[in-house]
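Each chain, written out:
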Amino acid sequence: MTTTLAQTTHAPALPAQPPQRRKPPIGKMLAWVYLILFLAVTIFPFYWILRTALSNNYALIDHPSSLLPVDLTLGPFERVLGLATREQAVAEGGSGATIQLGLYLRNSIIYATTLTVLVVFCSLLAAYAFARLYWRGRDVVFGIFLSALMIPGIMTLLPNFVLIHDLGLSNTFAGLILPGALFSAFGIFFLRQFMLGLPTEIEDAALIDGLGRLQLLFRITVPMSQGPLTTLSLLTFISAWNDYFWPLMIAGNSDVRPLTVALGVFQQASPQTQPDFAGLMAAALVAAFPMLVLFMLFGRRIVDSIGFTGLR
Amino acid sequence: MVTVATGVPSRRRKSSGPAHHADWRLALVLVLPAAVGFIVFAAVPVLRGIYLSFTRFRILTPPTWTGLDNYRRLFGDDVFWKSLGVTVQYVVLSVILGLAVSLATAVIMHRLTRSTVVRGLVLLPFLVSGVVAALIWQWMLDPGLGIVNVAVKAITGHNVLFLGSQGWVIPTLAFIGVWKSMGYNAILIFAGLQTIPAQIYEAGRLDGASEPRMFAHLTLPLLRPIMAMVAVLTVISSFQVFDLVAVTTKGGPANASNVLPLYIYAKGFSQFDFGYALTMSMALFVLLLAITFVQLRLLRANESDTN
């Protein structure tokens, strides 16, 4: 629809200013140059991770500007995944520092998945109560909930750390997940907004047929809200997967630390004089890989949902 | 008198009576998890944070009330002020660079292509963690082997210590931050552009307005609410930058990139001075609230210029 509108808008402009006809193409070419440069800056680093991760770390020193992997090898992946012996790793320029990527990958999956399921479920319940049920104080409570959007993370991070510490939940998944799992101002707001837009006729009919409110929620509202529920799940999963500050505080040096924190530790363990760039890039790629898969599967939805959330 | 038509609503009213009564109890159950989460992990922590910021608190021993001592100490803490200055530099650079690049990209994308593939690619950096972004750029900017420095050396004859010199470190970190967020912001602004009706431009063209004039007098004013939102979000997230700096420089060289969240973290977790760390987060909180308020006022976020 928008394209047809754009076409019609061009039409009257052309006869009005014939001498300027050559000008727009130059502007357009510059615009294309900008866009291509922009995309290059955006994408090149991703290629560079791959190129470096497939290189021999020693060979990198001699060919820092080679656009292709230097001395093509899967060694960096083998050593960060713990498939190579220490000798092999050191021979290929590994620092001897190890990272049990498998374990941390598992941790990240547990952390991000559990958090996502809980956030989406709790937000769904609350959103339904705010969108469809009538109870005294509803709007006041909703307003109070929304005010949480104004609290910057840094304000609650330290007190929450103290709380989790007092509860004896430091270095556990429960401690990692709990503070963010039950309440998400954004999640509630986002789902409520969508539910308010759903037609009430179907629910009214079902109510008359004697279905309970709870049955309505799960049999009618949930199926109709699949789109926003997927969106909220994706956004929550992405931010949990990439989270660093909170996991660093609560699980900084333990077996439950997620990939982001483990990557940081791996990097610190790399010697300053001769860092294992190939290994670091291989590990970074493994950490980013699930996001890239999500991107392939849901790219369009993610793009659309970000546009949508911005317009709220 | 009672017709079939009025029968339906009256039946609905009847059924909604008891339903409303039951609603109250069900609502309580449904809101309970979120309410517990809000109270235990948001409201109480904020209040507790405020309280603890007036105490001496080293986590293993109970807090002792020290009144305004922490706040007095804050005013005399040179590292804090330096840290605040560095953070403000970072924020200002991020906002200016970030808004300019995102706006330009959004407008150009809007004019050139509706391709979802392009918009998807633009969004890629948003999907990776700050840690991964920091690692890539630290490698690419490495003074010896980094591809950027190889290119810089080929052109200018010498390397640049992007992350290792006091002058370069903050602009470089701001660049990495912008690299990570520019696609996300561009998509937000792009969505805003899509809401502007094409007829407005048509009218502008008929009046003989040039492209730059239309951009300045139509696009920008109409985009004002969304630009304000992007600006506020950028300010808030930039003030809380942590992962980029923690991974690349850890605040160095010579505190030149010791941003406030990093200093707060160091006070709390290296020196176990939680009371003071909380005093600083309070200061940051108040600062953020004030800035957001002023910003929304200045940008009049809720209304676009043309009504």
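The structure presented is a predicted model; accordingly, all values stated were derived computationally and were not measured.

Rules of the game
- Residues numbered from 1 in each chain as written.
- Chains lettered and ligands numbered in written order.
- Predicted model: local features only at pLDDT ≥ 70, side-chain atom pairs only at ≥ 80, totals over all residues.
- Helix = DSSP H or I, 4+ residues; strand = E, 2+ residues; numbered from the N terminus.
- Buried ≥ 20, exposed ≤ 12 C-beta atoms within 10 Å, placed from the backbone.
- Contact = placed C-beta atoms within 7 Å.
- Nonpolar A, V, L, I, M, F, W, Y, C, P; charged D, E, K, R; others polar.
- pLDDT = per-residue confidence, 0-100.
- Axes fitted to C-alpha atoms, helices over the stretch in contact; angles between N-to-C directions.
- Parallel < 35°, antiparallel > 145°, perpendicular 65-115°, else oblique.
- Left-handed = near helix turned anticlockwise from the far one by under 90°.
- Expected span 1.5 Å × (residues − 1).

Novice: So, the overall build of chain A: which residues are in play, and what are the values?
Specialist: Scanning chain A from terminus to terminus reveals 16 helices and zero strands. A burial count over chain A gives 41% of its 312 residues as buried. Across chain A, the fraction of contacts at a sequence separation of at least 24, relative to all contacts at a separation of at least 6, is 72%.

Novice: Give me the lowdown on the overall build of chain B, citing residues and values where you can.
Specialist: Helix and strand counts for chain B stand at twelve helices and two strands. From first element to last, N terminus to C terminus, chain B shows the α and β order α-β-β-α-α-α-α-α-α-α-α-α-α-α.

Novice: So what about the interface of chain B and chain A? Which residues, and what values?
Specialist: The accessible area lost on association of the parts is a frequent measure of interface size. Facing the 87 residues of chain B at the interface are 83 residues of chain A. If you tally residues by element for the side of chain B that touches chain A, the top one is helix 1 (residues 4-52) of chain B, at 23 residues. Residue composition of the side of chain B that touches chain A, grouped by class: 61 nonpolar, 16 polar and ten charged.

Novice: Would you mind going over the environment of Ser53 of chain B in detail, with residue names and values included?
Specialist: Residue and element names in this part refer to chain B. In this fold, Ser53 is placed in the loop between helix 1 and strand 1 (55-56). Each C-alpha atom, one on Ser53 and one on Leu68, is 8.9 Å from the other, the two residues being 15 residues apart in sequence. If we skip the residues at most four places from it in the chain, Ser53 touches Asn70, Gly275, Leu278, Thr279 and Met282.

Novice: Describe the confidence of the model for chain B, listing the residues and the values that go with them.
Specialist: Residues and elements named next belong to chain B. Overall, the predicted model of chain B reaches an average pLDDT of 86, with 90% of residues at or above 70. Low pLDDT, under 50, characterises residues 1-18; the predicted model gives this stretch four contacts beyond four residues in sequence or across chains. In the model output, the complex is listed with pTM 0.86 alongside ipTM 0.85.

Novice: So what's going on with unusual backbone geometry? Which residues, and what values?
Specialist: One non-glycine residue, Asn171 of chain A, lies in positive phi territory at about 60 degrees. Inspection of the secondary structure assignment puts Asn171 of chain A in the loop between helix 8 (153-166) and helix 9 (173-181).

Novice: I'd like a description of the environment of Phe186 of chain A, backed by residues and values.
Specialist: All names here are of chain A. Of note, Phe186 is situated in helix 10 (residues 185-196). A tally of 18 C-beta atoms within 10 Å means that Phe186 is categorised as partly exposed. Once the C-alpha coordinates of Phe186 and Leu146 are considered, the two residues, 40 residues apart in sequence, prove to be 7.9 Å apart.

Novice: Report on the packing of helix 3 (residues 78-112) of chain B against helix 7 (residues 169-194) of chain B, specifying residues and quantitative values.
Specialist: For any two helices packed against each other, the geometry is given by the interaxial angle and the distance between the axes. Residue and element names in this part refer to chain B. Packing of helix 3 against helix 7 brings their axes to within 7 Å, and their N-to-C directions diverge by 40 degrees. The orientation of helix 3 relative to helix 7 falls into the category oblique. With respect to the hand of their crossing, helix 3 and helix 7 are arranged in right-handed fashion. Partitioning the contact of helix 3 with helix 7 into residue classes produces 19 nonpolar, nine polar and no charged.

Novice: Kindly report on helix 4 (residues 116-127) of chain B, identifying the contributing residues and their values.
Specialist: Here helix 4 of chain B spans 16 Å end to end across twelve residues, near enough to the 16 Å set by a 1.5 Å rise per residue. Buried residues of helix 4 of chain B: Arg119, Val122, Leu123, Leu124, Pro125, Phe126 and Leu127 of chain B, and no others.

Novice: Would you mind going over the environment of Val148 of chain B in detail, with residue names and values included?
Specialist: By the secondary structure assignment, Val148 of chain B is in helix 6 (residues 147-156). For the pair formed by Val148 of chain B and Trp137 of chain B, sequence separation is eleven residues and the distance between their alpha carbons is 9.2 Å.

Novice: Could you give an account of the confidence of the model for chain A, naming the residues involved and the relevant values?
Specialist: Overall, the prediction assigns chain A a mean pLDDT of 83, with 87% of residues at 70 or greater. Note that residues 1-21 of chain A has pLDDT below 50 and, in this model, eleven contacts with residues that lie over four places away or in other chains.

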